[in-house]
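# Observations on the model geometry
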Amino acid sequence: MLLEAPESAGTHLPSAYTGRGGAPAAAVDAPPTAAASDLSDETTVSVYGVFAGLWAAFLPVAFLSGVTYPSFIPKYALMLLAAGAGIVPLVRLARQPRTRWPARAACGFLAVALVSALVSSAPGIGIFGLYLWGTGFLFWLSCAGAFAIGASLRRRDLTWAFYGLLAGAGANAAMAVYQIAFHPASAVLQAYASGTQADGFLGNPVHLEALLLGAIALSAAKFCDAPQRWGWFVLLLGVALEFTSERVFIPILIVLFAVVVYQRRARGLLFSAVVSLGCLIGYLAGGSDLGTRVTSGTSQTTFGLRIELWRDAARGLLHHPILGTGPGQLLGGTAPYIRAGLGHHLDGRLFTDAHNFLVEVTVTTGILGLAFFLAWLLGIARIARGPFLGFAVALMAVELVEPMNVGVTPLAFLAAGAAIGSVLYSFEWSRAAASMPPIATANLPGPDGVVAGGPRGRTPFVTGTVVAVSVAASLFLAVTSLVGVLDFSRTSTVSLPAARASNALVPYWPQSASQIGFYWRYEYAIDHAPAAERTDLLNARTWYTLAADRDPADPVGWWQVAQLDRLLGDRPAEGKALGRSLADDPYLPASLSSAAALSASEGRWATALGYLGKLAQVRALTPAELALQKTAESHTRPS
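Residues numbered from 1 in each chain as written. Predicted model: local features only at pLDDT ≥ 70, side-chain atom pairs only at ≥ 80, totals over all residues. Heavy atoms only, no water.

### Let's talk about the overall build of the chain
- Each helix and strand in the chain was counted, giving 29 helices and zero strands.
- Across the 639 residues in the chain, those meeting the buried criterion constitute 55%.
- Considering only contacts within the chain whose residues lie at least 6 apart along the sequence, 75% involve residues at least 24 apart.
- Taken as a whole, the chain presents about 25800 Å² of accessible surface, with 65% of it coming from carbon and sulfur. (Helix = DSSP H or I, 4+ residues; strand = E, 2+ residues; numbered from the N terminus. Buried < 20%, exposed > 50% of the residue type's maximum accessible area, 1.4 Å probe, protein only. Contact = heavy atoms within 4.5 Å. Areas by Shrake-Rupley, 256 points an atom, 1.4 Å probe, with all protein chains shown as cover.)

Given below as structure tokens:
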């Protein structure tokens, strides 16, 4: 039932809800029987249906060439809309008997995530997530909202969602082909890694890979029903998938083929052949060597690093077992506990995503958050069926080994909700049909393919007010974050007003404060008046410290503060800042080198040797560091 659509309209009842002798199966928690008036208006589309279709189509393609990272902030802004629009549907689902398990589990997870964010070391990051990642509390609220919207859609609504998901994936597939086939000169349209991997409108090929796999799973049933109509689209998805030059999709695609062949026999074989043909075309036209990709997938520098990170995450969980470190703050739960081996391979880089959404949830929201999250997923799995479920499973399978993304992950939850909605509508239609004469059911719409929804009710004034307020709040956050990042992208060493405007609009992200600090440091570099120079350095330190306070788990932020303290000649403050940096990441090369130099300047030669020894475990020492090591050894050698 993973890829099969619900049964067509007629006298048959869906097999999952049929009792002995073809009678409707009794269920203790079944919703009230739907009346004909509840089902006879299914030829229209609701506001939520239009929203789901347009949102699913535009979220993965939102792109702004005027910002430094053109694929993040427009997607983040659109993602926030689902948070506001989905609050009321989520509460409604939590009150309905058949959906109360997943909906209440989602609400429980959101409550834990909110508390975890508020009590974390960086509440702003906990709520909004890191810049360029955005996987804070609002990200999870958007996922829950998308899930609730999907589960609340009805027949025509889900048709909009179905084609919206495919439209977004198709646009990204077309862009991927354009990137590899034509090598665009524009910097913002160039493919990932200097033109060797297509990333579509998503900024990273792994996110494109996940979206295309989901679209292939979603379109499987349609292709099997009408190969001539859907063949070109499935072929395009296969070509674009190969153009990502990723390797995670290979085993997932094999499993998908097995499921489709099992369910649809000859048509399933044809579907598998067309997708494979697309991959072959992509491979011959510019894909990377398959053997190299599979081999690299098991190397120490790819999945090997992930395994080491997950081990360190388990160590970090012991320090924050109940509520975790806060949504979006994986760094605080892993970097302080890394070992020399991982530090050597990272060489100063930082893991800001666990590359496994279950590990991410565990580290950032603790065991309590994981329990609610798993209950949410199990509640979905208990009810969901159909092509939408295939879309969700394919995306989540990729995100077991790759990062989450604001333009992709919420779509998985929208599809998961839609997979529940289609089952609920099928059940409601069957109950209504069984309780009315044939002449009364003749004009009822039946569950045909991509249909969905729960019982529709009138929206009271209070509910409408809540919807309006929540959507207005999400719009406000979306617009301010978008404008703030646009201001940030226009900043430079001589654009202090733009940096201040960005800082006022997005005070939860440290980048704008760092930019203001950089401005004053630049002023120090070009100013030759001693008094003015010190004032510039003090201003720079103030803003760099503010940036570090906004994300205290980032060791680089405290290292930057230490550099200002060194220029100011404040050794105690420099040592304190370096201590905080090394507490966040004991193997950050820049901080180890600075700490060794500071210790040597204070005559603490043994301490300097200790720092240099740790640094040597991470990377080769520079000539200056080797000279310092030799000097320190001469001072510590017994006379």
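### Observations concerning the packing of helix 7 (residues 137–152) against helix 17 (residues 357–383)
- Put simply, helix 7 and helix 17 touch, their axes get as near as 14 Å, and they point 5 degrees apart. On the basis of the axis angle, helix 7 is roughly parallel to helix 17. For the pair helix 7 and helix 17, the contacting residues are Trp 140, Cys 143, Ala 144 and Phe 147 in the first and Val 361, Phe 373, Trp 376 and Ile 380 in the second.
- Among the residues forming the contact of helix 7 with helix 17, the class breakdown is eight nonpolar, no polar and no charged. (Axes fitted to C-alpha atoms, helices over the stretch in contact; angles between N-to-C directions. Parallel < 35°, antiparallel > 145°, perpendicular 65-115°, else oblique. Nonpolar A, V, L, I, M, F, W, Y, C, P; charged D, E, K, R; others polar.)

### Comments concerning the nonpolar core
- Counting 125 residues, the largest nonpolar core has Tyr 76, Trp 140, Leu 253, Phe 271, Trp 376 and Trp 509 as the members making the most contacts within it.
- Excluding anything up to four places from it in sequence, Trp 509 contacts Phe 72, Ile 73, Tyr 76, Ile 125, Phe 128, Gly 129, Leu 130, Tyr 131, Val 485 and Arg 550.
- Trp 520, Trp 558, Ala 596 and Leu 598 belong to the second-largest nonpolar core, a separate cluster that totals 29 residues. (Core = buried A, V, L, I, M, F, W, Y, C linked by side-chain atoms within 4.5 Å.)

### A few points about the environment of Tyr 131
- Inspection of the secondary structure assignment puts Tyr 131 in the loop between helix 6 (123–128) and helix 7.
- Along the sequence, Tyr 131 and Gln 511 sit 380 residues apart, while their C-alpha atoms lie 7.9 Å from each other.
- Once residues within four sequence positions are removed from consideration, Tyr 131 is found in contact with Tyr 69, Phe 72, Val 485, Phe 488, Trp 509 and Gln 511.

### Focus on the confidence of the model for the chain
- The share of residues in the chain with pLDDT of 70 or more is 85%, and the mean pLDDT across the chain is 86.
- Counting interchain partners and residues more than four positions distant, the pLDDT-below-50 stretch residues 5–41 has 69 contacts.
- Across residues 436–458, confidence stays below pLDDT 50; counting only partners more than four residues off in sequence or on other chains, it has 70 contacts. (pLDDT = per-residue confidence, 0-100.)

### Comments concerning unusual backbone geometry
- In this model, Ser 245 sits at a positive phi of 55 degrees, which is unusual for a non-glycine residue.
- Here Ser 245 shows up in the loop between helix 11 (227–243) and helix 12 (249–286).
- Among the residues examined, Ser 245 registers a relative accessible area of 8% and is labelled buried.
- Even without being glycine, His 355 reaches a positive phi, approximately 60 degrees.
- A relative accessible area of 13% means that His 355 is categorised as buried.

### Considerations on the packing of aromatic side chains
- This model, assessed by the stated rule, comprises 31 aromatic pairs.
- Across the ring face of Tyr 262, the terminal group of Arg 265 is positioned such that the distance to the ring centre comes to 5.5 Å.
- Above the face of the Tyr 587 ring, Lys 614 is positioned so that its terminal group lies 4.7 Å from the ring centre. (Phe/Tyr/Trp six-rings, centres within 6.5 Å; stacked < 30°, edge-to-face > 60°. Lys NZ or Arg CZ within 6 Å of the ring centre and 35° of its normal.)

### So, helix 18 (residues 387–398)
- In this model helix 18 runs 17 Å from its N-terminal to its C-terminal C-alpha over 12 residues, within 8% of the 16 Å that 1.5 Å per residue would give.
- Counting buried residues in helix 18 gives 10 out of 12 residues, a clear majority hidden from the surface.
- Of the residues making up helix 18, those classed as buried are Pro 387, Phe 388, Leu 389, Gly 390, Phe 391, Ala 392, Ala 394, Leu 395, Met 396 and Val 398. (Expected span 1.5 Å × (residues − 1).)

### A look at the pattern of salt bridges
- What the rule picks out here adds up to eight salt bridges.
- As a salt-bridge pair, Arg 315 and Asp 312 come within 3.8 Å of each other at their nearest N and O atoms. In this pair, Arg 315 and Asp 312 both sit in helix 14 (residues 303–317), three residues apart, roughly one turn of the helix.
- Among the salt bridges present, the one from Arg 541 reaches Asp 565, with a minimum N-O distance of 2.3 Å. Of the two residues, Arg 541 is situated in helix 24 (residues 530–550) and Asp 565 in helix 25 (residues 555–568); the sequence distance between them amounts to 24 residues.
- Of the residues examined, Arg 541 reaches a relative accessible area of 25% and is grouped as partly exposed. (Salt bridge = Lys/Arg side-chain N within 4 Å of Asp/Glu carboxyl O.)

### Brief notes about the packing of helix 10 (residues 205–225) against helix 11
- Where helix 10 meets helix 11, the axes come as close as 9 Å, and the angle between the chain directions of the two elements is 160 degrees. With respect to each other, helix 10 and helix 11 are oriented roughly antiparallel. Two packed elements cross with a definite hand, and for helix 10 against helix 11 that hand is left-handed. From helix 10, Glu 209, Leu 212, Leu 213, Ala 215, Ile 216, Ser 219, Lys 222, Phe 223, Cys 224 and Asp 225 reach across to helix 11, where they touch Pro 227, Trp 230, Gly 231, Val 234, Leu 237, Ala 240 and Leu 241.
- Of the residues contributing to the contact of helix 10 with helix 11, the split by class is 12 nonpolar, two polar and three charged. (Left-handed = near helix turned anticlockwise from the far one by under 90°.)

### Let's talk about a nonpolar patch on the surface
- A cluster of nonpolar residues, Ile 87, Val 91, Phe 461, Val 462 and Val 466, forms a patch on the protein surface that exposes about 470 Å² of accessible area.
- It is helix 21 (residues 461–489) that provides the largest number of residues to the nonpolar patch, a total of three residues.
- Secondary-structure assignment places Val 466 in helix 21.
- Given the relative accessible area of 36%, Val 466 is considered partly exposed. (Patch = residues over 30% accessible without salt bridge, like charges linked within 9 Å, V, L, I, M, F, W, Y side chains within 5 Å.)

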